[in-house]
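One letter stands for each residue in the lines below.
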Amino acid sequence: MEYPNISNVFKKIYNFIFAKEKSLTVNKYIQLLDKFFAERKKFNSSSSLNDPTNSHILLIIDEIDILINSTQNLLYNIFNWTTYEYSKLIVISISNTLDLPNRLFPKIKSRMGNNKLMFKPYNKEELRIIIKDRGIDLQLFSEDAIRLSCVKVAAINGDLRRIFKILFRAKQINELENYKKKDKNLVSKFNIMEAWNELFNSKISKVI
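Residues numbered from 1 in each chain as written. Predicted model: local features only at pLDDT ≥ 70, side-chain atom pairs only at ≥ 80, totals over all residues. Heavy atoms only, no water.

**So, the overall build of the chain**
Part 1 of the argument: Of regular secondary structure, the chain possesses 9 helices and 2 strands.
Part 2 of the argument: Counting from the amino terminus, helix and strand elements in the chain follow one another as α-α-β-α-β-α-α-α-α-α-α.
Part 3 of the argument: Since a compact globule built from 208 residues should have a radius of gyration of about 17 Å, the 24 Å found for the chain marks it as more spread out than a globular shape.
Part 4 of the argument: If one aligns the C-alpha atoms of the chain with their principal axes, the spans along those axes are about 75 × 35 × 30 Å.
Part 5 of the argument: Within the chain, the fraction of its 208 residues that count as buried is 32%.
Part 6 of the argument: Taking as baseline every contact in the chain between residues at least 6 positions apart, the subset at least 24 positions apart corresponds to 60%.
Part 7 of the argument: Surface accessibility of the chain: about 14,200 Å² in total, with carbon and sulfur atoms responsible for 53%. (Helix = DSSP H or I, 4+ residues; strand = E, 2+ residues; numbered from the N terminus. Rg over C-alpha atoms; globule rule 2.2 N^0.38 Å. Buried < 20%, exposed > 50% of the residue type's maximum accessible area, 1.4 Å probe, protein only. Contact = heavy atoms within 4.5 Å. Areas by Shrake-Rupley, 256 points an atom, 1.4 Å probe, with all protein chains shown as cover.)

Spelled out as structure tokens, the structure:
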């Protein structure tokens, strides 16, 4: 999401390996990177990585779904580098969808490993533990409010970002209600529902 064009990924990888900025064409980046990984057995301690052990490179691609386009050339090039005998390149890809391999061309699938690690959605108890460890002041929330927020998010997809949004917005709503009150009320389950509807169930969000 940082780049206006996905081909900028090649520039990012090039700059990391060679530790220098160059303004080149996409094809030139691909050519130089391909040459680097194909001939890496020739590099020693004075190589571009400046590493005496000539160690492995670990490339982690988050949100890999975004890189899937009509040609899939970018993914082909990246996974093809791993097939070179001395490339010492390890690629870990992170996808938000379970059917990622089915959306890739056969020539890319054949170059991918079969090792998969599936992260299941957080359940309500795990969500409660996490928000407590993340510094959320649970003393500001009623027990029903915490329970409801965890149950609702766990029932959808267990997304941590979603539950933090709900808690933050519910706290804001509660602060407005408590304004100028002597006795401050805890964030209630009604505040949670109001925040939930405002953030994820409003007419505006449905239209968007």
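**Looking at the environment of Arg 162**
Part 1 of the argument: Looking at the secondary structure, you find Arg 162 in helix α7 (residues 160–178).
Part 2 of the argument: For Arg 162 and Phe 141, which are 21 residues apart along the polypeptide, the C-alpha to C-alpha distance reads 17 Å.
Part 3 of the argument: Discounting chain neighbours no more than four positions away, the residues touching Arg 162 are Val 153, Ile 156, Trp 196 and Phe 200.

**Points about the nonpolar core**
Part 1 of the argument: With 28 residues, the main nonpolar core has Ile 13, Ile 17, Leu 33, Phe 37, Leu 75, Ile 78 and Trp 81 as its most contacted residues.
Part 2 of the argument: Listed by contribution, the elements that provide at least two residues to this core are α1 (8–18), α2 (26–38), β1 (57–61), α3 (73–81) and β2 (89–93).
Part 3 of the argument: Considering each element in turn, this core owes the most residues, 6 residues, to α1.
Part 4 of the argument: With 18 residues, the next largest nonpolar core counts Ala 145, Val 153, Leu 160 and Ala 195 among its residues. (Core = buried A, V, L, I, M, F, W, Y, C linked by side-chain atoms within 4.5 Å.)

The values are spatial; any link to function lies outside them.
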